[in-house]
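Close look at the chain arrangement
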Amino acid sequence: MHWLPEGVSTYSPRIDQMFYVILVVTGIAFVVTEALLFYFAWRYRHRDGVRARYTHGNSRVEIVWTVVPAVMLVFLGLASKTVWGEIKGSIPPTDQEVVVMASQFDWEVRYKGADGQFDTADDVVIHNEMHLPLGVPTKIRLRSKDVIHSFFVPAFRLKQDAVPGLTIDVWVQPTKPGDYEIACAELCGFGHGTMRGMLTVMEPQPFQEWLKQQEAGVAPAEAPPA
Ligand SMILES: [Cu+2]
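Right, let's walk through the structure included here.

What counts as what
- Residues numbered from 1 in each chain as written.
- Predicted model: local features only at pLDDT ≥ 70, side-chain atom pairs only at ≥ 80, totals over all residues.
- Heavy atoms only, no water.
- Helix = DSSP H or I, 4+ residues; strand = E, 2+ residues; numbered from the N terminus.
- Donors = N, O, S within 2.8 Å, 3.2 Å for Na, K, Ca; no water.
- Tetrahedral: all angles 85-135°; square planar, octahedral: opposite > 155°, others 65-115°.
- Buried < 20%, exposed > 50% of the residue type's maximum accessible area, 1.4 Å probe, protein only.
- Polar contact = N/O pair within 3.5 Å; in protein donor to acceptor, adjacent residues only side chain to side chain.
- Contact = heavy atoms within 4.5 Å.
- Phe/Tyr/Trp six-rings, centres within 6.5 Å; stacked < 30°, edge-to-face > 60°.
- Lys NZ or Arg CZ within 6 Å of the ring centre and 35° of its normal.
- Axes fitted to C-alpha atoms, helices over the stretch in contact; angles between N-to-C directions.
- Parallel < 35°, antiparallel > 145°, perpendicular 65-115°, else oblique.
- Nonpolar A, V, L, I, M, F, W, Y, C, P; charged D, E, K, R; others polar.
- Pairing = 2+ DSSP bridges.

Turning next to unusual backbone geometry. Peptide bonds are, in most cases, trans, and in most cases residues other than glycine have a negative phi. The step from glutamine 104 to phenylalanine 105 runs through a cis peptide bond, and the omega angle for that step is 0°. Mapped onto the secondary structure, phenylalanine 105 falls in the loop between strand 1 (97-103) and strand 2 (106-111). The backbone of asparagine 128 shows a phi angle near 55°, a positive value even though the residue is not glycine. Mapping asparagine 128 onto the fold places it in the loop between strand 3 (124-127) and strand 4 (129-133). If you check the backbone angles, arginine 157 has positive phi at about 60° while not being a glycine.

This brings us to the coordination of the copper ion. Coordination of the copper ion by the protein comes from His149 (ND1), Cys184 (SG), Cys188 (SG) and Met195 (SD), over a distance range of 2.1 to 2.5 Å. Taken together, the four donor atoms coordinating the copper ion span angles of 92 to 123° at the metal, a pattern that classifies the geometry as tetrahedral. Spacing between the donor residues of the copper ion along the chain follows H-x34-C-x3-C-x6-M. Taken together, the residues histidine 149 in strand 6 (residues 149-153) and cysteine 184 in strand 9 (residues 178-184) connect sequence positions 35 residues apart. This pair shows no difference in class: histidine 149 is buried, exactly as cysteine 184 is.

Below, the discussion takes up the side chain of arginine 110. You can see arginine 110 is positioned in strand 2. A polar side-chain atom of arginine 110 sits 2.8 Å from a polar atom in the side chain of aspartate 123. Not counting residues up to four positions away in its chain, the partners in contact with arginine 110 are Glu97, Val98, Val99, Phe118, Asp119, Asp123, Val124 and Val125.

As a further point, take the packing of aromatic side chains. Geometrically, a pair of aromatic rings is defined through the distance of the ring centres and the angle of the planes. Applying the stated criterion across every chain, the model contains eleven aromatic pairs. Judged by centre distance (6.1 Å) and plane angle (20°), the rings of phenylalanine 40 and tyrosine 44 are stacked. Judged by relative accessible area, which is 41%, phenylalanine 40 ranks as partly exposed. An aromatic cluster is defined as three or more aromatic residues linked by ring pairs; in this entry it consists of Tyr39, Phe40, Trp42 and Tyr44. Taking NZ or CZ as reference, arginine 43 lies 5.0 Å from the ring centre of tyrosine 44, over its face. It is lysine 159 that lies over the ring of phenylalanine 152; its NZ or CZ is 4.4 Å from the centre.

Let's shift gears to the packing of helix 1 (residues 12-43) against helix 2 (residues 59-88). At a minimum axis distance of 10 Å, the contact between helix 1 and helix 2 shows a crossing angle of 170°. Relative to helix 2, the element helix 1 is oriented roughly antiparallel. Contact with helix 1, carried on its side by Arg14, Ile15, Met18, Val21, Ile22 and Val25, involves Met72, Phe75, Leu76, Ala79, Ser80, Val83, Glu86 and Ile87 of helix 2 and no other residues of that element. Across the contact of helix 1 with helix 2, the residue classes tally to eleven nonpolar, one polar and two charged.

With that out of the way, let us pick up the environment of valine 71. Note that valine 71 resides in helix 2. With 50 residues separating them in the primary sequence, valine 71 and alanine 121 have C-alpha atoms 56 Å apart.

Relative to the assigned elements, serine 9 resides in the segment before helix 1. Look at serine 9 and you get buried, because its relative accessible area is 2%. What serine 9 contacts, discounting residues up to four positions off in sequence, is Ala155, Phe156, Val172, Gln173, Pro174 and Thr175.

Our next topic: the sheet that holds strand 6. Strands sit in the order 4-10-9-6-7 across an open sheet of five strands; the sheet is mixed. If you trace the sheet from one side to the other, it starts and ends with strand 4 and strand 7 (158-162), each paired once. Averaged over all pairs of adjacent strands, the angle between their axes in this sheet comes to 20°, without regard to strand direction. Sheet topology places strand 9 next to strand 10 (residues 196-202); six bridges connect them, and they run antiparallel. Opposite isoleucine 182, over in strand 10, you have glycine 197 as the bridge partner.

Such coordinate-based values are descriptive only and should not be taken to indicate function.
The structure is reproduced here in structure tokens:
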């Protein structure tokens, strides 16, 4: 069963696995507790001739329903921490870097130009569009000009706030060519819902050609239909 969009980053399977583990554990807990709630509501419903009575409770039962969720929470926390640490803890060494400047309501995407440096005259700057090479780790440096935005690429299972005054680095290694949506996942003003872009994952060679064409200031030719 696939409820989620197809994952196309190296870490998406681990995120999805964690998602489903949490869903199953909390789902079972939800169904069991709701079933008990309705059972007890029915079991101890009003009956003629039966008086309600006060009960302080049951220490043993209270300890059980405190310790069991606590143990599950610790287990889920440790499992999440492992996945989180692997993804967020370090960025694979790579020369492939992109700077994303979020603003109301636009994603500015910046590539190093021919000189291999950011913030120089030959930077390639495009809007609401990002191209990434397949199979190559890319470091994405997130910034914001105005308010907090959130860079969200559902297909990568990548979501990270872009905060004014900070540069927050994330990374991704795409595993499948195609077009994927970029969305803003932080309510950032009236145009929040329109703040979306397209992300295209290309084979490394066409990607380099695309970048060269951008550097030359020439619009890329339409790719022939596959
Ligand atoms: Cu936004």
